[in-house]
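Observations on chain architecture
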Amino acid sequence: MGKIFAISNMKGGVGKTMTAVSLGAGLARQGKSVLCIDADAQRSLTLSLGVTLPEKLPVTLATLLTRVVNEQDISPGEGIIRHGDGLDLLPANNTLAGLEVALAGLIGREGVLRRYVDGVRPLYDYVVVDCAPSLNLLTINALAACDGAGKRLSGHGRG
Ligand SMILES: Nc1ncnc2c1ncn2[C@@H]1O[C@H](COP(=O)(O)OP(=O)(O)O)[C@@H](O)[C@H]1O
Ligand SMILES: [Mg+2]
C-alpha cells in the first residue's frame, strides 16, 4: 500500500516541483513504483516530466477528480502517463484551475483527491503530490490525502 507525500509551501520558486521530481525519480531508481501527481494548475511537474503540450491531454487530474465527485468509474491506470523506470505521472493542465472553483461549494470538498488516491495507492509504493504555491483547495486536498505532515524550516534544520 503506497505512502503518500505532498510537497507544499505557500511560496513559489522554492523548489517544490524540483523536490517532487527528484524524490519521485530517486525512489524509482531504488526500484520503487512511484506515481507523481501534478496538483498545480501551472503544471510545472507535468512539463518537467516531458509532457510538452498538456492542454492537448484528454485526461488529466481534473478529469479524474471530476469523475470522483460525480461518482463515475475510473479505469485502472486511466490518465496516467508511464514515464518509465517505475515513475508514472498523473498530469495537470489549465482545467485544474476551473476544478478548484467547481469543488468550492461541495460537501466533503477537501477529500476528493484522497478518494482518488485510495483507488491507486495499492498499485504504488509511493505517491508524490506536487502542490501549487498557495493553500488553495487542491493543496488542502493534497494535505488531507497524505499520510502525515512534517515541516522543514529553511536554515533551521527539521522540525
Ligand atoms: N536545489 C536546487 N538547486 C538549484 N536550483 C534549484 C533547486 N531546486 C529548484 N531549483 C530551481 O529553482 C526554480 C524553482 O524551482 P521549482 O521546483 O519550480 O519551485 P516551486 O515548485 O516551489 O515553484 C527552478 O528553476 C528550479 O530549476
Ligand atoms: Mg512548482
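Residues numbered from 1 in each chain as written. Chains lettered and ligands numbered in written order. Predicted model: local features only at pLDDT ≥ 70, side-chain atom pairs only at ≥ 80, totals over all residues. Heavy atoms only, no water.

1. Re a nonpolar patch on the surface
Basically, it comes down to this: To count toward a patch, a residue needs a relative accessible area above 30% and no salt bridge. Like charges then connect within 9 Å, nonpolar side chains (Val, Leu, Ile, Met, Phe, Trp, Tyr) within 5 Å. To measure how exposed things are, a 1.4 Å probe is used in the Shrake-Rupley method; for residues, cover is taken only from the protein chains shown. One speaks of a salt bridge when a side-chain nitrogen belonging to Lys or Arg is within 4 Å of a carboxyl oxygen belonging to Asp or Glu. Strands here are runs of E lasting at least two residues and helices are runs of H or I lasting at least four, both read from the DSSP assignment and numbered beginning at the N terminus.
A surface patch of nonpolar side chains, amounting to about 370 Å² of accessible area, comprises M10, L135, I140 and L143. Mapping I140 onto the fold places it in helix 6 (residues 137–145).

2. Topic: the packing of helix 3 (residues 61–69) against helix 5 (residues 112–120)
Quick note on the threshold: Axis geometry follows a simple rule: fit a line to the C-alpha atoms, using only the stretch in contact for helices, then measure angles between N-to-C directions, giving values from 0 to 180 degrees. Any angle that falls under 35 degrees is termed roughly parallel, while one over 145 is termed roughly antiparallel, one within 65 to 115 roughly perpendicular, and all others oblique. The contact criterion used throughout is that any non-hydrogen atoms of two residues lie within 4.5 Å. Amino acid classes used here: Ala, Val, Leu, Ile, Met, Phe, Trp, Tyr, Cys and Pro are nonpolar; Asp, Glu, Lys and Arg are charged; the rest, including Gly, are polar.
It is at 9 Å that the axes of helix 3 and helix 5 come closest, and there the two elements cross at 100°. With respect to helix 5, the element helix 3 is oriented roughly perpendicular. Contacts between helix 3 and helix 5 involve L61, L64, L65, V68 and V69 from the former and V112, L113, R115 and Y116 from the latter. Among the residues making up the contact of helix 3 with helix 5, the classes are represented as 8 nonpolar, no polar and 1 charged.

3. Considering helix 1 (residues 16–29)
Note the cut-off: To estimate the expected span of a helix, count its residues, drop one, and scale the result by 1.5 Å. Whether a residue is buried, partly exposed or exposed follows from its accessible area with a 1.4 Å probe, protein chains only, as a fraction of its type maximum: under 20%, in between, or over 50%, in that order. Arc, as used here, means the arc of the directions from the helix axis to the C-beta atoms.
Across its 14 residues, helix 1 extends 20 Å between first and last C-alpha, which sits within 8% of the 20 Å expected from 1.5 Å per residue. Those residues of helix 1 not exposed but buried are K16, T17, A20, V21, G24, L27 and A28. Seen end-on, helix 1 carries its buried residues on one side only, within an arc spanning 145°. In this structure, helix 1 carries M18 and R29 as exposed residues pointing more than 90 degrees from its buried face. Where helix 1 is buried, its residues touch strand 1 (3–7), strand 2 (34–39), helix 2 (44–48), strand 4 (87–90) and strand 5 (126–131). Two residues or fewer after helix 1 comes G31, characterised by a positive phi angle close to 90°.

Spatial relationships are all this shows, so hold off on functional conclusions.
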